[in-house]
Amino acid sequence: MLNNPKPLNVDQSEIDKFSAMASEWWDPNGKFKPLHTINPLRVEYILSQTGDLMGKSVLDVGCGGGILTESLAKLGATTTAIDMAELSLNIAKTHAQAQHLTIDYRLESIEQHLAQTSQRYDVITCMEMLEHVPDPHSIIDSCAKLLKPQGKLFLSTINRNHKSRLMLIIGAEYIARIVPKGTHDFNKFIRPSELMGWIEQAGLATQAFIGMEYHLLGNKFTLGRNIDVNYIALATKK
């Protein structure tokens, strides 16, 4: 008897949700405005920890429409990017071509990518994705296997507590309407302690956590020590 294949680590409802908004990926005032706003901060932090991306091999996991991916490619990285939302990936490909950027976009899960490539990476980014998949631990484990020795993994997600529920679901979705209703599922938010456990189980070392803090009065984000809501984790291969 044949064994049943392992199901994809994908939530189809999440794919459908982002596919429905795919045409707005590159509208800085559209439904992905928060990602455009925080993208310079993400790039700033990655550069502060890597020094330079010129000539380095980079994998962007869950790339969506390519907002972060293009920034990494423009810094001279040899860039591969994967996503399971085909409509978003097509938007990413078209936009990169218009910008004359060479990016290897692939319709793959990270688990599929691990099984199908011998490539290993200096840097892997997985931003704002872990809270949208059934098994975030599997994502981290696959990323760890795809890293070169001393490679760096950047993960960003959302802390699970009363403050994040208030700010991101009640505040951002229902009051300020910064993001569409239903974007977030509180039960999928990830505490830093949980993320650190998965990182260490994958054989990586947790190096740092840094918060991306939203300031309502200034309507802006900054990097800081507060990881109560949005945060980035840095892990390295031992």
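Each chain carries its own residue numbering, running from 1 in the written order of its sequence. In keeping with the predicted nature of the model, local features appear solely for residues at pLDDT of at least 70, side-chain atom pairs appear and are counted solely at 80 or more, and the whole-chain, interface and lining totals rest on all residues. For side-chain calculations, the full set of non-hydrogen atoms in the structure is used, while hydrogens and water are omitted.

Caption draft 1: Broad picture of the packing of aromatic side chains. Stacked, edge-to-face and tilted labels apply to pairs of Phe, Tyr and Trp rings (six-membered ring for Trp) whose centres lie within 6.5 Å, assigned for plane angles under 30 degrees, over 60, and everything in between, in that order. Taken as a whole, this structure holds six aromatic pairs when the rule is applied. Ring centres 6.3 Å apart and planes at 20° place the aromatic pair phenylalanine 18 and phenylalanine 32 in the stacked group. With a gap of 14 residues between them, phenylalanine 18 in helix α1 (residues 12-20) and phenylalanine 32 in the loop between α1 and α2 (33-50) connect regions that are remote in the sequence. Phenylalanine 32 sits in the buried class, given a relative accessible area of 4%. Members of the aromatic cluster, connected to one another through ring pairs, are Phe18, Trp25 and Phe32. It is arginine 165 that lies over the ring of phenylalanine 186; its NZ or CZ is 3.8 Å from the centre. Helix and strand assignments follow DSSP, with helices taken as H or I runs no shorter than four residues and strands as E runs no shorter than two, numbered in order from the N terminus. Residue burial is assigned from relative accessible area. The probe radius is 1.4 Å, only protein chains are included, and a residue is buried under 20% of its type maximum, exposed over 50%, and partly exposed in between. In our convention, an over-ring charge means Lys NZ or Arg CZ found within 6 Å of a ring centre and within 35 degrees of that ring's normal.

Caption draft 2: Structural view of the pattern of salt bridges. Only one rule defines a salt bridge in this text: a Lys or Arg side-chain nitrogen within 4 Å of an Asp or Glu carboxyl oxygen. Counted according to the given criterion, the structure contains 11 salt bridges. For arginine 42, the salt bridge goes to glutamate 128, with nearest N and O atoms at 2.5 Å. With arginine 42 in helix α2 and glutamate 128 in the loop between β4 (121-127) and α6 (136-146), this pair connects stretches of sequence that are 86 residues apart. Just as arginine 42 is buried, glutamate 128 falls in that class too. Of the charged contacts, one joins lysine 148 and aspartate 122 as a salt bridge, the two residues approaching to 3.4 Å between their closest N and O atoms.

Caption draft 3: Focus on the environment of glutamate 111. Mapped onto the fold, glutamate 111 is located in helix α5 (residues 110-116). Placed 27 residues apart in sequence, glutamate 111 and serine 138 show a C-alpha to C-alpha distance of 7.7 Å. Those residues in contact with glutamate 111, other than ones at most four positions away along the chain, are Asn9, Ser138, Ile139 and Ser142. Each polar contact in these results corresponds to two N or O atoms within 3.5 Å; when the atoms are within protein, one needs to be able to donate a hydrogen and the other to accept it, and residues that are neighboring in sequence are counted only if both atoms are side-chain atoms. A polar contact is formed between the side chain of glutamate 111 and the side chain of asparagine 9, at a distance of 3.1 Å. In what follows, residue pairs with any heavy atoms lying within 4.5 Å of each other are defined as contacts.

Caption draft 4: Main features of the side chain of serine 109. As for its placement among the helices and strands, serine 109 is situated in the loop between β3 (103-107) and α5. Overall, the relative accessible area of 5% leaves serine 109 in the buried class. Residues in contact with serine 109, not counting those within four places in the same chain, are Leu8, Ile82 and Met84.

Caption draft 5: Representation of the packing of α2 against helix α3 (residues 67-74) within the structure. For helices, the fitted line uses only the C-alpha atoms of the stretch in contact; every axis is such a line through C-alpha atoms, and the angle between N-to-C directions lies from 0 to 180 degrees. Direction vectors running N to C along α2 and α3 enclose 40°, while the axes themselves pass 10 Å from each other. The angle between α2 and α3 places the two elements in the oblique class. In this structure, α2 meets α3 at a crossing whose hand is right-handed. In this structure, α2 uses Leu35, His36, Asn39, Arg42, Val43 and Ile46 to contact α3, whose residues at the interface are Ile67, Leu68, Ser71 and Leu72. Its residues assigned to classes, the contact of α2 with α3 comprises six nonpolar, three polar and one charged. Throughout this description, any angle smaller than 35 degrees is read as roughly parallel, any larger than 145 degrees as roughly antiparallel, any in the 65 to 115 degree range as roughly perpendicular, and the remainder as oblique. Here is the rule for handedness: rotate from the far helix to the near one, and if that takes an anticlockwise turn smaller than a right angle the crossing is left-handed, while a clockwise turn gives right-handed. Each residue is assigned to one of three groups, with Ala, Val, Leu, Ile, Met, Phe, Trp, Tyr, Cys and Pro labelled nonpolar, Asp, Glu, Lys and Arg labelled charged, and all others, Gly among them, labelled polar.

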